[in-house]
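Each chain is listed here by its residues.
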Amino acid sequence: MDKKDFMRRAIALSEESVRMGGGPFGAVIVKDGEIVSEASNSVTLDHDPTAHAEVNAIRKATQKLDTFDLEGCEIYTSCEPCPMCLGAIYWAHLDRIYYANDRKDAARIGFDDDFIYKEIALKPQERHKQMEVLLSEEAKEAFQMWEADGDKAEY
Ligand SMILES: [Zn+2]
């Protein structure tokens, strides 16, 4: 299978998802030319707003490979990752992202990807969601514990 085959699989998953009542998004994670995991969006089916195709595919891949680090893997997603999924892809250390539809295409059918990207670019005080710093000194304790821990599993 080549790059286009993997993307066609992600696209097929997105179409299948719509037929099953999920969102129109599919993703495939590939390692060494083999599919490790595939998933579609299940936000409405699972009542989970974080159950985007990419996050679902990452969860399946890490379970299958028994690791929290997907270095050496690539993701094929039927739509440009939203900010949450882009963050998850960075956290998972995936090597490369291939996408088909983009954030503008998603906006045209009613999804907030483009809106959230624009929010991130704003100063915190200009965003629609209010943010407030609270008890930052008390919260430092866990950070100090982490910093001092010589046996921690870093990620
Ligand atoms: Zn997403």
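Read on for a plain summary of the structure. (Residues numbered from 1 in each chain as written. Predicted model: local features only at pLDDT ≥ 70, side-chain atom pairs only at ≥ 80, totals over all residues. Heavy atoms only, no water.)

**Some details on a nonpolar patch on the surface**
Applied cut-off: Exposure above 30% relative accessible area and the absence of a salt bridge qualify a residue for a patch, where like charges join within 9 Å and nonpolar side chains (Val, Leu, Ile, Met, Phe, Trp, Tyr) within 5 Å. Reported accessibility uses the Shrake-Rupley method at a 1.4 Å probe radius. Residues are deemed covered only where the shown protein chains occlude them. The rule for a salt bridge is simple: a side-chain nitrogen of Lys or Arg has to be within 4 Å of a carboxyl oxygen of Asp or Glu. Secondary structure elements are taken from DSSP: a helix is a run of H or I of four residues or more, a strand is a run of E of two residues or more, and numbering for both begins at the N terminus.
A contiguous nonpolar patch, built from Phe68, Trp91, Trp146 and Tyr155 and spanning about 570 Å² of accessible area, is present on the exposed surface. In this fold, Tyr155 is placed in the segment after helix H7 (136-148).

**Focus on the pairing of strand E4 (residues 96-101)**
For clarity, the cut-off: Pairing between two strands requires that DSSP report at least two bridges joining them. We call a crossover right-handed when, viewed with both strands directed away from the observer, the connection leading from the first strand over the helix to the second proceeds clockwise.
Alignment of strand E3 (residues 73-79) against E4, held across 5 bridges, turns out to be parallel. The partner of Tyr76 across the bridge, within E4, is Tyr98. Chirality of the crossover, the property in question, places the unit of E3, helix H4 (residues 83-92) and E4 among those that are right-handed.

**Some details on unusual backbone geometry**
Trans is the common state for peptide bonds, and a negative phi is the common state for residues other than glycine. For clarity, the cut-off: Burial here depends on accessible area, computed with a 1.4 Å probe over protein chains only, as a share of the maximum for the residue type. Under 20% is buried, over 50% is exposed, and the range in between is partly exposed.
Despite not being glycine, Asp32 shows a phi value in the positive range, around 50 degrees. Note that Asp32 resides in the loop between strand E1 (26-31) and strand E2 (34-40). Classification of Asp32 by relative accessible area gives exposed; the value is 70%.

**Observations regarding the environment of Asp69**
Rules: When checking whether two residues touch, look at their non-hydrogen atoms; a contact exists if any pair is within 4.5 Å. In protein, a polar contact means a hydrogen-donor-capable atom and an acceptor-capable atom, both N or O and within 3.5 Å, with residues adjacent in sequence counting only if both atoms are side-chain atoms; elsewhere, any N or O pair within 3.5 Å suffices.
As for its position among the elements, Asp69 is in the loop between helix H3 (53-65) and E3. Accessibility expressed as a relative area gives 27% for Asp69, which makes it partly exposed. Here the alpha-carbon distance between Asp69 and Arg127, two residues 58 residues apart in the chain, equals 32 Å. Setting aside residues no more than four positions away along its own chain, Asp69 makes contact with Ala92 and His93. Of note is the side chain of Asp69, whose polar atom sits 3.0 Å from the backbone nitrogen of Glu71.

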